[in-house]
Amino acid sequence: MEVTCLLLLALLPFHCRGQGVYAPAQAQIVHAGQACVVKEDNISERVYTIREGDTLVLQCLVTGHPRPQVRWTKTAGSASDKFQETSVFNETLRIERIARTQGGRYYCKAENGVGVPAIKSIRVDVQYLDEPVLTVHQTVSDVRGNFYQEKTVFLRCTVSSNPPARFIWKRGSDTLSHSQDNGVDIYEPLYTQGETKVLKLKNLRPQDYASYSCQVSVRNVCGIPDKAVSFRLTNTTAPPALKLSVNETLVVNPGENVTVQCLLTGGDPLPQLQWSHGPGPLPLGALAQGGTLSIPSVQARDSGYYNCTATNNVGNPAKKTVNLLVRSMKNATFQITPDVIKESENIQLGQDLKVSCHVDAVPQEKVTYQWFKNGKPARMSKRLLVTRNDPELPAVTSSLELIDLHFSDYGTYLCVASFPGAPVPDLSVEVNISSETVPPTISVPKGRAVVTVREGSPAELQCEVRGKPRPPVLWSRVDKEAALLPSGLPLEETPDGKLRLERVSRDMSGTYRCQTARYNGFNVRPREAQVQLNVQFPPEVEPGSQDVRQALGRPVLLRCSLLRGSPQRIASAVWRFKGQLLPPPPAVPVAAEAPDHSELRLDAVTRESSGSYECSVSNDVGSAACLFQVSAKAYSPEFYFDTPNPTRSHKLSKNYSYVLQWTQREPDAVDPVLNYRLSVRQLNQHNALVKAIPVRRVEKGQLLEYILTDLQVPHSYEVRLTPYTTFGAGDMASRIIHYTEPISSPNLSDNTCHFEDEKICGYTQDLTDNFDWTRQNALTQNPKRSPNTGPPTDISGTPEGYYMFIETSRPRELGDRARLVSPLYNASAKFYCVSFFYHMYGKHIGSLNLLVRSRNKGALDTHAWSLSGNKGNVWQQAHVPINPSGPFQIIFEGVRGSGYLGDIAIDDVTLKKGECPRKQMDPNKVVVMPGSGAPRQPLPQLWGPVATFLLALQR
């Protein structure tokens, strides 16, 4: 078995590189997964086109130090079923089976606490094509009296799609257009939902009776196939017509079997029938078969509207509705109303009195009421009247009015509600009228005005009602607008005046109102009272947990604060160290009657005083604890992930080296770091090599570097790094390093890049620009490319030769930039010369810039050369001197001009040590392209000095 320590890992001498490498987050979104691209559109990297049902994969590439955290959000729709409620904290966002509602703009937010967060966005365009729907409509209009009629038929084809669909109408196999047939018209109506095209058949002719098809297409975008729907138009084509086997209002008794038939009286093609119920679905056990609806043993809950709908895509659907009423009665109530005219609230002899009776019934208007006095039917007279539908009372309420109340009118009155001839039990309510019948009063029992309970316990709020009869008590919240009771209702009725609450929570605290109901008692102004509910709960403290770092010998103050609780005070605070009780800290000054915090001061942090401290705070209801981890150990290192080309291979062996870089988090918080303990272990191996790395004083933001060598290709390794101070070991940080094929610095004996290889000499596309450079030759050019711009071949003039260019056609916009970045070069000379050929032909040419990116202190880009405007259909050469101060990269930046005739190309890039030649252009290297009207042979020698002068002006 292979052992990691046998790798003979070499740890090269440690050194520091610069300071202040902390950098704000930068982000760029790239997409992968099952993306598709519209062929006639060159979609930019900010738009992700995907077919509905495929997998969306977005990746947020970040740079910055410390390593930024990534959060995905979205403006509309949802990235998952719960995306609007939660964010995705991951560099990669993956959505399986994406739906159209999940299209929209996605945002990647990267932040690391340095500067402002980086926010990038990408628009996800979900492509789909639904099945089309074809409907037929007809108009008949009289012309010149009754001499003849015109029939106009409209065939409407509707589909939902993205991108917008293209429609093709056919009669049989022949494609229709109004330019070829005066009898048809094809147009798009206004104010339609989805994509719609209408085929209008004017003044119907015999040949118009045929089969029609509507074909919809999104032009094979994302591989979505075309779809079609057809319809056969005949002289019998007609919209559906219906009739019902029962009346539109059907009243039945509970327990009966109900059958309703919906009969077709017209329609061609044969319509489809469907039953529905409102509100809610069809009752359990109901059977809808064709046009017949059967409901066995119907119950009161089955009442409602039942709809029969017939559709055949001709005209409008036909609809018939049955209002099914199942006889039922419930909730019998009564009201006693004293003399309204005299505004009395008591029963008095000589005044009028009204006793009312009401039931909730279906159908309400079919209810009959009977009144009895002392067991006998009440006899109507001038002083005893029975009325119905009092406007001041609920509908279909029966009232017994006693005019000029006499002593003989006292007694027991019985109201009986019934459905005559129906097997529905009667409901009755009894009312006693006497000198003892008095309106209610309500009050809170002594000692019950304030109820205090602990959270999670039951609670009972009580109000006492006196009077005869005693009405129910209605409870509601007072101190919260539109607040609901724990039952979820704004009002709750209690017959005994007690509101019972199970497992109260802190949000139930507040004032509750109890009031008398105006039914089953006197119909007078409600009496009311209030009860205060206080829910006590344990304290909440901060910090819940805190990591406290301090250098040895320095003092530390630990503070535990009360955030909230009921009661809002600290009754006791107990401090413990490693579980052992500590002496109580000094008392809080007397001026603070309700302390809201407790403090513990450590005069000096030592190895013995380092450890876990706990402050347990109580408010007599419960307790909560603040936890403090006090230590003098150093924070963890912060690995630097933006090291350029960290992997370096060795040609004579199968080994590679890796440049490991890091900073130290908050080095001044504790004692200085003396050394680091480095552990390197090959993945899937157990043994590791351990090495101590001594360091001098480490400052915040200082970039530290160590080179690991003799790592085996292509294995990956786990690296662990632990700082050590006089206190001992600090927090460890770990990361995985992977082998990647490194890009070597240019060989000065062969340092010209002709872009003939797909690796393009290690050049890469910048992830922060607007679009990319493209590698192509005369054989791979798009035959439909824009004319009068761009080179026909590379500098060699052969069709096989490759070059790099920028395509400025749609969707590129003015000012869009494409950047091509070279590998990282180590500066081994004071001066370098960058030579290259450029081709800038077209009336909309923008700019070509050469930049140098220095890597000695972060990434700094400086302009070295720039050229703008149309330079003719010719390859020309430029020599640009640069003097980098450290490791560097060169960047070719193409900037789009005002239009699509602005393609820029480069070829044969050379980097050499030393100064550039004084002669800026070799006349034999000026290549005039075919079609420019100039010969391709070498130019006269007279041109050399002129070209040199012109290029000097350009520079």
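- The protein has the name MAM domain containing glycosylphosphatidylinositol anchor 1 in an unreviewed UniProt entry, where Ovis aries is given as its organism.

1. A short note on the overall build of the protein
Here is step 1: Assigned secondary structure in the protein consists of one helix and 72 strands.
Here is step 2: The burial tally for the protein puts 45% of its 955 residues in the buried class.
Here is step 3: If you take every contact in the protein between residues at least 6 apart in sequence, the share linking residues at least 24 apart comes to 71%.
Here is step 4: Element-wise, carbon and sulfur atoms account for 50% of the exposed surface of the protein, whose accessible area totals about 49,400 Å².

2. Examining the packing of aromatic side chains
Here is step 1: Across all of its chains, the model carries 13 aromatic pairs by this definition.
Here is step 2: Here the aromatic rings of Y803 and W875 are separated by 6.1 Å at their centres, their planes lie at 70°, and the arrangement is edge-to-face. Taken as a pair, Y803 in strand β64 (residues 803-806) and W875 in strand β69 (residues 874-882) lie far apart in primary sequence, 72 residues in all.
Here is step 3: When the centroid spacing of 5.2 Å and the interplanar angle of 85° are considered together, the rings of F836 and W865 count as edge-to-face. Here F836 is found in strand β66 (residues 832-840), whereas its partner W865 is found in strand β68 (residues 860-868), with 29 residues between them in sequence.
Here is step 4: For W865, a relative accessible area of 7% translates into the label buried.

3. Some details on the pattern of salt bridges
Here is step 1: Scanning the entire structure with this criterion turns up 38 salt bridges.
Here is step 2: With its nearest N and O atoms 2.5 Å apart, the salt bridge here joins D390 to K354. Placement of the pair is D390 in the loop between β31 (384-388) and β32 (398-402) and K354 in strand β28 (residues 353-362), with a sequence separation of 36 residues.
Here is step 3: Among the residues examined, K354 registers a relative accessible area of 13% and is labelled buried.
Here is step 4: With a shortest N-O distance of 3.3 Å, K700 and E666 are connected by a salt bridge.

4. A word on the sheet that holds strand β20 (residues 249-252)
As a general point, the strands of a sheet are linked pairwise by backbone hydrogen bonds and lie either parallel or antiparallel.
Here is step 1: Pairing in this open sheet of four strands is mixed, and the strands run β20-β26-β25-β22 from one edge to the other. Looking at which strands have only one partner, the edges of the open sheet turn out to be β20 and β22 (272-278). Here the average twist between neighbouring strands, direction ignored, is 20°.
Here is step 2: As defined by bridge partners, strand β25 (residues 304-311) adjoins strand β26 (residues 318-326) across seven bridges and the pair is classed as antiparallel. Along β26, the bridge assignment pairs Y306 with V322.

5. Some points on the state of the cysteines
Here is step 1: Across all of its chains, the model carries eight disulfides by this definition.
Here is step 2: Across the disulfide from C157 sits C214; the S-S distance is 2.1 Å. When the S-S torsion is -85°, as for the bridge of C157 with C214, the disulfide is left-handed. Remark: C214 occurs in strand β17 (residues 211-217) and C157 occurs in strand β11 (residues 148-159); sequence separation between them is 57 residues.
Here is step 3: Classification of C214 by relative accessible area gives buried; the value is 0%.
Here is step 4: Disulfide partner of C833: C916, at an S-S distance of 2.1 Å. Looking down the S-S bond of the C833 and C916 bridge, the torsion is 110°, so its handedness is right-handed. Within this pair, whereas C833 is found in strand β66, its partner C916 is found in the loop between β71 (904-913) and β72 (927-928), the two being separated by 83 residues in sequence. Judged on exposure class, the residue C833 and its partner C916 are both buried.
Here is step 5: C615 takes part in no disulfide bond, and the closest cysteine sulfur, belonging to C560, lies 4.0 Å away.

6. Brief notes about the nonpolar core
Here is step 1: Residues Y763, F836 and F892 are the most contacted members of the largest nonpolar core, which totals 32 residues.
Here is step 2: The dominant element in this core, judged by the number of residues it contributes, is β66, at five residues.
Here is step 3: Once you skip the residues sitting within four places of it in the chain, Y763 turns out to touch C753, F755, L820, V821, S822, P823, Y825, I890, F892 and V909.
Here is step 4: With 30 residues, the next largest nonpolar core counts F334, L353, Y410 and F419 among its residues.

7. Notes on the confidence of the model for the protein
Here is step 1: Counting all residues, the mean pLDDT for the protein is 85, and 86% of those residues have values of 70 or more.
Here is step 2: Predicted confidence in the protein is weakest over helix α1 (residues 943-954), with a mean pLDDT of 36, and strongest over strand β58 (residues 717-725), with 97.
Here is step 3: Throughout residues 38-44 the model reports pLDDT below 50, and contacts reaching past four residues in sequence, or to other chains, amount to twelve contacts.
Here is step 4: Low pLDDT, under 50, characterises residues 744-750; the predicted model gives this stretch eight contacts beyond four residues in sequence or across chains.

8. Looking at unusual backbone geometry
Here is step 1: For the peptide bond that leads from K468 to P469, omega is -5°, which places it in the cis range.
Here is step 2: As for its position among the elements, P469 is in the loop between β38 (464-468) and β39 (473-477).
Here is step 3: For E666, which is not glycine, the phi dihedral falls at a positive 45°.
Here is step 4: On the secondary structure map, E666 appears in the loop between β54 (655-664) and β55 (675-682).
Here is step 5: Here E666 falls in the partly exposed class, since its relative accessible area comes to 35%.

9. Details of the pairing of β25
Here is step 1: With seven bridges joining them, β22 and β25 adopt antiparallel strand pairing. Residue Q274 lies in a different strand from β25, and its bridge partner there is T309.
Here is step 2: Counting the residues in the hairpin turn of β25 and β26 gives six residues, including N313, whose phi is positive at 65°.

10. A few points about empty space enclosed by the protein
Here is step 1: Summed over all chains, the structure comprises two cavities of 30 Å³ or more.
Here is step 2: Volume-wise, the second largest cavity comes out at about 30 Å³.
Here is step 3: If you go around the second largest cavity, the residues you meet are L250, V258, V260, L293, I295, Y306, V322 and L324.
Here is step 4: Listed by contribution, the elements that provide at least two residues to the lining of the second largest cavity are β21 (258-268), β24 (292-295) and β26.
Here is step 5: Along the lines of polarity and charge, the residues of the lining of the second largest cavity split into eight nonpolar, no polar and no charged.

11. Brief notes about the sheet that holds strand β62 (residues 764-765)
Here is step 1: Reading across the sheet, the five strands line up as β62-β65-β70-β67-β68 and stay open at both edges, with antiparallel pairing between neighbours. The sheet is open, and its two borders are formed by β62 and β68, each paired with just one other strand.
Here is step 2: Pairing of β62 with strand β65 (residues 817-821), which is carried by two bridges, proceeds in the antiparallel orientation. Following the sheet pairing, T764 is matched in β65 by V821.

12. What to know about the pairing of β71
Here is step 1: Among the ten residues in β71, eight count as buried, and that is most of the element.
Here is step 2: The pairing of β64 with β71 spans three bridges and is antiparallel. The residue of β71 that forms the bridge with I806 is I904.
Here is step 3: Two strands pair when backbone bridges link them, and β66 and β71 are joined in this way by eight bridges, in the antiparallel orientation. What sits directly across from C833, in β71, is K912.

13. Observations regarding the side chain of Q364
Here is step 1: Relative to the helices and strands, Q364 is located in the loop between β28 and β29 (368-373).
Here is step 2: Of note is the side chain of Q364, whose polar atom sits 2.8 Å from the backbone oxygen of V359.
Here is step 3: The contact partners of Q364, leaving out residues within four places of it in the chain, are H358, V359, Y369, A395 and V396.

14. Digging into the environment of R720
Here is step 1: Turning to its location among the elements, R720 is positioned in strand β58.
Here is step 2: In sequence terms R720 and R677 are 43 residues apart; their C-alpha atoms lie 8.0 Å from each other.
Here is step 3: Discounting chain neighbours no more than four positions away, the residues touching R720 are R677, L678, S679, M732, A733 and S734.
Here is step 4: Polar contacts involving the side chain of R720 include one to the side chain of E718, which spans 3.4 Å.

15. Here we look at the environment of S344
Here is step 1: Within the secondary structure layout, S344 lies in the loop between β27 (328-338) and β28.
Here is step 2: In this structure the C-alpha to C-alpha distance between S344 and V524, which are 180 residues apart in sequence, comes to 9.0 Å.
Here is step 3: Filtering out sequence-adjacent residues up to four positions away, S344 remains in contact with P338, D339 and Q351.
Here is step 4: A distance of 3.0 Å separates a polar atom in the side chain of S344 from the backbone oxygen of N346.

16. Considerations on the environment of T722
Here is step 1: Topologically, T722 is positioned in strand β58.
Here is step 2: In this structure T722 comes out as buried when scored by relative accessible area, which is 9%.
Here is step 3: When the C-alpha atoms of T722 and A634 are compared, they prove to be 8.9 Å apart, with 88 residues separating the residues in sequence.
Here is step 4: Dropping the residues within four chain positions of it, T722 is found in contact with N675, Y676, R677, A729, G730, D731 and M732.

Conventions used here
Residues numbered from 1 in each chain as written. Predicted model: local features only at pLDDT ≥ 70, side-chain atom pairs only at ≥ 80, totals over all residues. Heavy atoms only, no water. Helix = DSSP H or I, 4+ residues; strand = E, 2+ residues; numbered from the N terminus. Buried < 20%, exposed > 50% of the residue type's maximum accessible area, 1.4 Å probe, protein only. Contact = heavy atoms within 4.5 Å. Areas by Shrake-Rupley, 256 points an atom, 1.4 Å probe, with all protein chains shown as cover. Phe/Tyr/Trp six-rings, centres within 6.5 Å; stacked < 30°, edge-to-face > 60°. Salt bridge = Lys/Arg side-chain N within 4 Å of Asp/Glu carboxyl O. Pairing = 2+ DSSP bridges. Axes fitted to C-alpha atoms, helices over the stretch in contact; angles between N-to-C directions. Disulfide = S-S within 2.5 Å. Core = buried A, V, L, I, M, F, W, Y, C linked by side-chain atoms within 4.5 Å. pLDDT = per-residue confidence, 0-100. 1 Å grid on protein atoms, 1.4 Å probe; cavity = no way out; pocket = protein on both sides within 12 Å on 5 of 7 lines; lining within 4 Å. Points joined across faces, edges and corners; volume = space filled by probe spheres on them. Nonpolar A, V, L, I, M, F, W, Y, C, P; charged D, E, K, R; others polar. Polar contact = N/O pair within 3.5 Å; in protein donor to acceptor, adjacent residues only side chain to side chain.

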